[in-house]
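So you can see what is in the structure, the chains are spelled out below.
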Amino acid sequence: MTAFADLHHRNAPLLLPNAWDHASAAALAAQGFEAIGTTSLGVAAAAGLPDGAGATRDATLDLALRLGQGPYLLSVDAEGGFSDDPDEVAEAARELAAAGAVGINLEDGLGSVRRHAAKIAAVKAVVPGLFVNARTDTYWLGDGDEQETSRRLHAYQQAGADGVFVPGLTDATRIAALVRTLDVPLNILYSPSGPTVTQLGDLGVRRVSLGSLLYRRALGAALETAADIRAGRTPSGSAPAYHQVEALSPRREG
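Bear in mind the structure is a predicted one, so any value in this text is a computation, not a measurement.

Trainee: When you look at a nonpolar patch on the surface in this model, what are you seeing that I'm missing?
Mentor: Together, L110, W140 and L141 make up a nonpolar patch on the protein surface, roughly 310 Å² of accessible area in all. Checked against the element boundaries, L141 lands in the loop between strand 6 (131-135) and helix 7 (146-158).

Trainee: What is the right way to look at the packing of aromatic side chains in this model?
Mentor: Evaluation of the coordinates by the stated rule reveals two aromatic pairs. Ring centres 5.4 Å apart and planes at 85 degrees place the aromatic pair F4 and F131 in the edge-to-face group. Of the two residues, F4 sits in helix 1 (residues 3-6) while F131 sits in strand 6, which places them 127 residues apart along the sequence. Residue classification places F4 among the buried positions, given a relative accessible area of 1%. Taken together, a centroid distance of 5.4 Å and an interplanar angle of 70 degrees make the contact between W20 and Y215 edge-to-face. With W20 in the loop between strand 2 (18-19) and helix 2 (22-30) and Y215 in helix 10 (residues 213-230), this residue pair connects regions lying 195 residues apart in the sequence.

Trainee: When you look at the sheet that holds strand 8 (residues 186-189) in this model, what are you seeing that I'm missing?
Mentor: Backbone-to-backbone hydrogen bonds join strands into a sheet, with any given pair of strands oriented parallel or antiparallel. Pairing is parallel in the open sheet, where nine strands are placed in the order 1-9-8-7-6-5-4-3-2. Single-partner strands in this sheet number two, and they are strand 1 (14-16) and strand 2. Pairing analysis gives four bridges linking strand 4 (residues 73-77) to strand 5 (residues 101-107), with the strands arranged parallel. Residue pairing for strand 5: L74 is matched across the bridge by A101. The strands touched by helix 4 (residues 57-67) are strand 3 (35-38) and strand 4; relative to strand 4, the strand with the most contacts, the crossing angle is about 175 degrees.

Scoring rules and cut-offs
- Residues numbered from 1 in each chain as written.
- Predicted model: local features only at pLDDT ≥ 70, side-chain atom pairs only at ≥ 80, totals over all residues.
- Heavy atoms only, no water.
- Patch = residues over 30% accessible without salt bridge, like charges linked within 9 Å, V, L, I, M, F, W, Y side chains within 5 Å.
- Areas by Shrake-Rupley, 256 points an atom, 1.4 Å probe, with all protein chains shown as cover.
- Salt bridge = Lys/Arg side-chain N within 4 Å of Asp/Glu carboxyl O.
- Helix = DSSP H or I, 4+ residues; strand = E, 2+ residues; numbered from the N terminus.
- Phe/Tyr/Trp six-rings, centres within 6.5 Å; stacked < 30°, edge-to-face > 60°.
- Buried < 20%, exposed > 50% of the residue type's maximum accessible area, 1.4 Å probe, protein only.
- Pairing = 2+ DSSP bridges.
- Contact = heavy atoms within 4.5 Å.
- Axes fitted to C-alpha atoms, helices over the stretch in contact; angles between N-to-C directions.

Here it is, written out as structure tokens:
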């Protein structure tokens, strides 16, 4: 079992914050997070590209190259693998692993179950040590059909997924019932209106992701600060000092 996989089998669930650039990842690492994910929305928005459309392959790899050697374990949100061709998805996964990623998140977008399972199998064949977190969007994009969710997750487990991810599922009873059907760790997307991390752990959830929440809240804080200053108000909240943010940047040699 890899160090990253081991984090999914501790008493408390793995809380995985998601970064969108070097500074956010470094700041999270400084707070003691052992593992950090990336957020496809943050990567896409920063590059001026659409999220979930397979357009951010290069931007995602570039970010992995910058974060992959950090003092934390890196898991990359790779949307649907940036291709419908399993071999191309496997090659993208190989490049991400070479950059230092130890995990990858692959979403099905409610597309073909067989195709998504083939992507998972191809990735595990090329980079067997990479933790594949197989995401289904039955709750995120669909109506939350429980039978369809189980059907998809069973296929992804059979294909070799190391964990499964069901964003949008927040009902405690349904989460607990789903856990009982799985042979791999369940990942849930944290929701401010859903169970707490501790409660999710009690339900059997092994990984809790923050997705784009930190990125969106950071952007919201920036907008509120600008609006306060424009209106002649003192900005509320707090911000790290300049030297604290500067310290997050890699030092140049010589």
